[in-house]
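# Residue-level structure breakdown
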Amino acid sequence: MKTHYLYSIPCVALTCALAGCSDDNKNSSGKPDQDAAASTPAAAIDLSKPVTADLVAKRAERLGIAALFPREMSMVGGIYDIPGMIKGFQGLNMFKTWGACEVDVEEEDESIAISGEDGDEVVVKEDLSEITVKKVDSPVIDAMVGFGPGWAAWLDSAQGAFGSMGQNQMESMLDMYTLFSSFSSGAQGTPEALSARTSVMMNRTFKTLAQWAALVDLRPSQDKTAPVMVAAKLTPDALAQVQSALKDANLPEDMELHGIVSLYDKTYNGLACKVAEVDCKKLRAKIEEHLKDVYSENSITPETREQINEALKRLDDSKLYAVVGFVNDTLVGFVTTNPELQVHVAASPQDSVVARPDFNMADGQLQYPAYGLCFADKALMQAALKSDIAMYKGYLTGLKQVMEFLGKEWKVADMAPALSSLDSIQGNILGFYDKIARNATPVSWYSWQNQGVHLEIAMYPMDCYKLDAPTAMNSVRPGADAVLYWSGAVNHETVDMYYSLIGDVSQIVWDYANAYIADPKNKVSDQVRMAAPMIQMARPTIEELWKAQKLAWNGMTGAGAYVVDMKGAPNPMLQNVPSPRFSLVYEIKDRAALAQAWQKVIDASKTIVPLVSQGKMTELPAPKATTEGDVTTYDYQCPMGPDLNPVVSVSDSRWALSMPKAFGDEVLKESMKAPGQVAPMEFQLNLVPVRDALKSAADGNKDIQKATKALDVITSDITGIHATGYKAGDGRDVYHIHILSAGK
């Protein structure tokens with residue numbers, strides 16, 4: 001007997017990805033080319049031009065409860081057809097077998113047969129034991145939450161608090177390190193010293209709380225839209241239960257909120273509501289009562305206490321209401337400080353968020369069942385990105401303090417290079433975020449179901465990929481048997497930034513780790529202490545290899561393609577599984593730079609090879625070079641056979657790493673063609689060829705049989721993923737992801 005964890009990792013990941021698939025289109029077989037319509041560039045957003053009445057009506061019909069949210073909402077997000085999602089989730093073979101993962105079965109009897117199509121189907125194993133998958137019902141059909149326009153201004157005002165929070169977190173880590181070091185060394189010091197350190201940590205926590213409390217303003221707002229609104233379309237039974245519960249709702253006398261919160265009925269702007277009103281003066285008294293106990297047990301500084309007291313004083317002029325009402329079968333709720341002004345739903349779809357010009361949620365796909373959406377306007381996104389900048393500034397400021405402290409503690413000989421690297425990291429990260437914030441746009445995520453699950457994301461330019469137009473590398477197309485495929489153009493500036501970040505982080509880790517290891521008082525294994533001097537000796541060589549990689553990358557344009565399939569011959573070294581074939585090809589802009597980079601590798605190998613070979617070799621053997629036309633191929637002739645022999649091919653305009661050579665030659669020829677009408681960036685994962693390749697070698701091999709069973713179950717639900725990226729007419733980056741359902 002043994003515990004049988006079937007398909008655990010791929011099953012969990014892929015099941016979650018396809019959880020939204022219902023039974024509507026189970027008999028379809030999704031293909032990547034079906035995403036072509038979804039990859040059509042969207043028209044530019046014209047904020048001065050109203051959305052046509054027909055499109056508003058179409059959005060309102062498909063998106064339902066979204067049409068209840070007032071036009072001024074800065075952000076809305078929600079999910080649709082929750083019962084259908086649950087049913088689809090439970091109908092997945094992956095879910096049913098996953099439910100059987102922890103059942104003890106005999107070694108020789110591990111296969112599972114699936115039967116049933118409904119939510120309460122039975123999983124039957126070959127030993128005839130049964131596992132019933134219980135049906136789960138959701139009282140909510142559709143659900144959505146919205147945030148009003150005041151949040152953008154609040155985020156702008158909170159940037160100082162975000163910065164302080166980031167810095168305080170780093171300083172708290174330093175406090176924890178100091179305490180841990182004291183305990184682990186046995187030198188805990190006097191109780192007074194320990195109490196003082198604990199007091200510092202507690203004060204820092206309360207200082208952060210005081211900063212956030214200063215930003216809480218519950219005085220009645222004059223915004224016409226509630227800061228928070230929710231809507232939930234309920235099933236008939238759930239609707240009746242909720243209405244009945246709210247009708248007689250009351251707070252028990254023994255509840256702590258009794259006397260602070262009062263419940264009553266009232267109508268706002270034609271909407272009959274149940275209201276929970278918070279008496280903010282009584283709330284202040286309750287908070288102050290609890291704070292007395294906290295202050296008596298902790299030494300909080302007078303400055304922090306004063307900040308908290310000033311925030312609490314505002315509660316005397318504050319109002320807070322939670323309001324609930326019904327629009328037909330939909331429950332609507334509001335958190336507000338001014339219900340007379342803010343408690344209302346959109347009078348019509350034309351007055352709702354779906355009529356906004358910047359609310360363009362993949363409008364061409366509205367004929368399909370919607371599963372979820374999220375929309376945030378430009379003002380909110382810009383404020384959120386600025387808050388990220390403030391947070392990172394705080395983190396990096398605090399990190400500098402940590403590094404200065406640890407540098408002295410660990411006796412780092414020269415902290416200047418590491419601190420200089422930290423300044424470089426700060427410049428890169430903050431510069432990257434600042435550029436994004438300046439180019440902020442509305443952001444929309446929209447998901448729907450059509451032969452699988454689609455997700456389309458339209459967002460501000462990240463500049464990670466060049467999405468304006470296809471490159472020559474997009475002419476490399478995946479065949480029907482391709483397992484993995486990618487084509488696109490990486491932005492050089494972004495890659496240079498990543499190279500810089502990795503180099504800077506390496507500098508810091510290198511200097512501080514060496515100092516820590518060198519100190520005999522630190523607990524480090526003997527193996528690490530022995531390896532450290534060797535690594536230190538190899539550091540110049542490693543740095544040269546890093547420079548060689550950057551130099552080689554600078555010789556490329558950034559446009560490339562990658563293809564993997566399983567069409568090689570069965571290989572005894574792979575237990576007779578067909579050999580994988582792959583080719584990674586990039587466009588060259590400077591062949592001389594590649595030659596210089598390779599020379600650096602050769603020079604570095606003269607140091608590394610003798611160490612690795614323990615003196616048996618002095619340098620890398622020269623590869624066998626062959627030239628066909630303008631393509632020179634370098635072959636190290638690995639001893640694993642021609643099917644598992646990678647080669648490098650270089651021409652004036654292409655660089656490729658391939659296995660075997662013949663497959664690389666095919667891809668190189670494809671890369672020389674015109675790209676055609678394809679997406680500037682494309683990704684594809686196809687699990688079916690992997691499954692079929694394993695099946696061909698499964699006889700008599702239990703490990704391969706298990707992997708084949710796992711893929712059999714996975715591919716009975718989904719066959720893979722297809723994704724594209726392109727630049728929309730409004731300048732936003734658009735990414736379309738299609739999880740392909742299996743044909744039944």
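Small disclaimer: the values here were computed from a predicted structure and weren't measured. (Residues numbered from 1 in each chain as written. Predicted model: local features only at pLDDT ≥ 70, side-chain atom pairs only at ≥ 80, totals over all residues. Heavy atoms only, no water.)

A separate point is the overall build of the protein chain. The secondary structure content of the protein chain amounts to 19 helices and 27 strands. Classification of the 744 residues of the protein chain by burial places 46% in the buried group. Of the contacts formed within the protein chain by residues at least 6 apart in sequence, a portion of 74% connects residues at least 24 apart. Roughly 36900 Å² of accessible area belongs to the protein chain as shown, and the carbon and sulfur atoms make up 58% of that amount. (Helix = DSSP H or I, 4+ residues; strand = E, 2+ residues; numbered from the N terminus. Buried < 20%, exposed > 50% of the residue type's maximum accessible area, 1.4 Å probe, protein only. Contact = heavy atoms within 4.5 Å. Areas by Shrake-Rupley, 256 points an atom, 1.4 Å probe, with all protein chains shown as cover.)

Another aspect to go through is the pattern of salt bridges. Where charged atoms of side chains with opposite charge meet at close range, the side chains can pair. The final tally for this structure, using the stated rule, is 29 salt bridges. In this structure, E493 engages K435 in a salt bridge whose closest nitrogen and oxygen atoms are separated by 3.8 Å. Separated by 58 residues along the polypeptide, E493 in helix α14 (residues 492-518) and K435 in helix α13 (residues 416-438) bring together distant segments of the chain. E682 is paired through a salt bridge with R477; the nearest N and O atoms lie 2.8 Å apart. Here E682 is found in strand β25 (residues 681-686), whereas its partner R477 is found in the loop between β15 (452-459) and β16 (482-489), with 205 residues between them in sequence. In this structure R477 comes out as partly exposed when scored by relative accessible area, which is 34%. The structure contains a network of salt bridges with shared partners spanning R284, E288 and D316. (Salt bridge = Lys/Arg side-chain N within 4 Å of Asp/Glu carboxyl O.)

Taken together, the side chains of M573, L574 and M640 present a nonpolar region at the surface, about 270 Å² in accessible area. Here M640 is to be found in the loop between β22 (631-635) and β23 (647-650). (Patch = residues over 30% accessible without salt bridge, like charges linked within 9 Å, V, L, I, M, F, W, Y side chains within 5 Å.)

The next point concerns the packing of aromatic side chains. In total, this model carries 14 aromatic pairs according to the counting rule given. Seen in terms of ring centroids, W553 and Y586 are 5.7 Å apart; in terms of plane orientation they differ by 85°. Their pairing is edge-to-face. Within this pair, whereas W553 is found in helix α15 (residues 526-554), its partner Y586 is found in strand β20 (residues 581-588), the two being separated by 33 residues in sequence. Of the two residues examined, W553 and Y586, each falls in the buried class. Through pairs of rings, three or more aromatic residues link up here, namely F147, W151, W154, F162 and W212. Here the basic side chain of R305 rests over the ring of Y295, its NZ or CZ set 4.3 Å away from the ring centre. (Phe/Tyr/Trp six-rings, centres within 6.5 Å; stacked < 30°, edge-to-face > 60°. Lys NZ or Arg CZ within 6 Å of the ring centre and 35° of its normal.)

At a minimum axis separation of 9 Å, α13 and α14 run at an interaxial angle of 150°. Put simply, α13 runs roughly antiparallel to α14. In this structure, the crossing between α13 and α14 has a hand that is left-handed. Across the interface between the two elements, P417, A418, S421, L422, S424, I425, N428, I429, F432 and K435 from α13 touch E493, M497, S500, L501, D504, V505, Q507, I508, D511 and Y512 from α14. Classifying every residue of the contact of α13 with α14 gives eleven nonpolar, five polar and four charged. (Axes fitted to C-alpha atoms, helices over the stretch in contact; angles between N-to-C directions. Parallel < 35°, antiparallel > 145°, perpendicular 65-115°, else oblique. Left-handed = near helix turned anticlockwise from the far one by under 90°. Nonpolar A, V, L, I, M, F, W, Y, C, P; charged D, E, K, R; others polar.)

Residues F162 and Y512 are the most contacted members of the largest nonpolar core, which totals 58 residues. With eleven residues, the single largest contributor to this core is helix α12 (residues 378-409). If we ignore the near neighbours within four places in the chain, the residues touching F162 are L155, W212, S387, A390 and M391. Within the second largest apolar cluster, 37 residues are counted, among which are L68, M73, A226 and F359. (Core = buried A, V, L, I, M, F, W, Y, C linked by side-chain atoms within 4.5 Å.)

Right, let's get into the packing of α12 against α13. Between two packed helices, what matters for the description is the angle formed by their axes and the separation of those axes. α13 packs onto α12 with a crossing angle of 175° between their chain directions and a minimal axis gap of 9 Å. Comparing their axes, α13 and α12 come out roughly antiparallel. Among the residues making up the contact of α12 with α13, the classes are represented as 15 nonpolar, two polar and seven charged.

Here we take up the confidence of the model for the protein chain. Residue-level pLDDT values for the protein chain average 83, and 85% of them are 70 or greater. The low-confidence segment residues 1-31 (pLDDT under 50) makes 85 contacts with residues lying over four places distant or belonging to another chain. Segment residues 36-42: pLDDT under 50, and 15 contacts once partners within four positions in sequence are set aside and those in other chains are kept. (pLDDT = per-residue confidence, 0-100.)

All right, on to the environment of Y446 then. Tracing the backbone shows Y446 in strand β14 (residues 443-449). Judged by relative accessible area, Y446 falls into the buried class, the value being 1%.

This part covers the side chain of S671. Examined against the element boundaries, S671 turns out to sit in helix α17 (residues 661-671). Given a relative accessible area of 0%, S671 falls into the buried group. Within the local environment of S671, its side chain forms a polar contact with the backbone oxygen of L668, the two atoms lying 2.7 Å apart. Not counting residues within four places of it along the chain, the set of residues in contact with S671 comprises A472, M473, S475, V476, V585 and R654. (Polar contact = N/O pair within 3.5 Å; in protein donor to acceptor, adjacent residues only side chain to side chain.)

This next bit is on the environment of D363. Looking at where D363 falls in the secondary structure, it is placed in the loop between α11 (339-342) and β13 (370-376). For the pair D363 and K58, spaced 305 residues apart in the sequence, the C-alpha separation amounts to 8.7 Å. If we skip the residues at most four places from it in the chain, D363 touches L55, K58 and R59. A polar contact of 2.9 Å, which involves the side chain of D363, links it to the side chain of R59.

For β13, the buried fraction is high: six of the seven residues fall into the buried class. Looking at chain direction, strand β2 (residues 75-79) and β13 are connected through five bridges and run antiparallel. Note that in β13 the partner of I79 across the bridge is G372. Relative to β14, β13 is paired through six bridges, and the arrangement is antiparallel. Bridge pairing links C374 to W445 in β14. (Pairing = 2+ DSSP bridges.)

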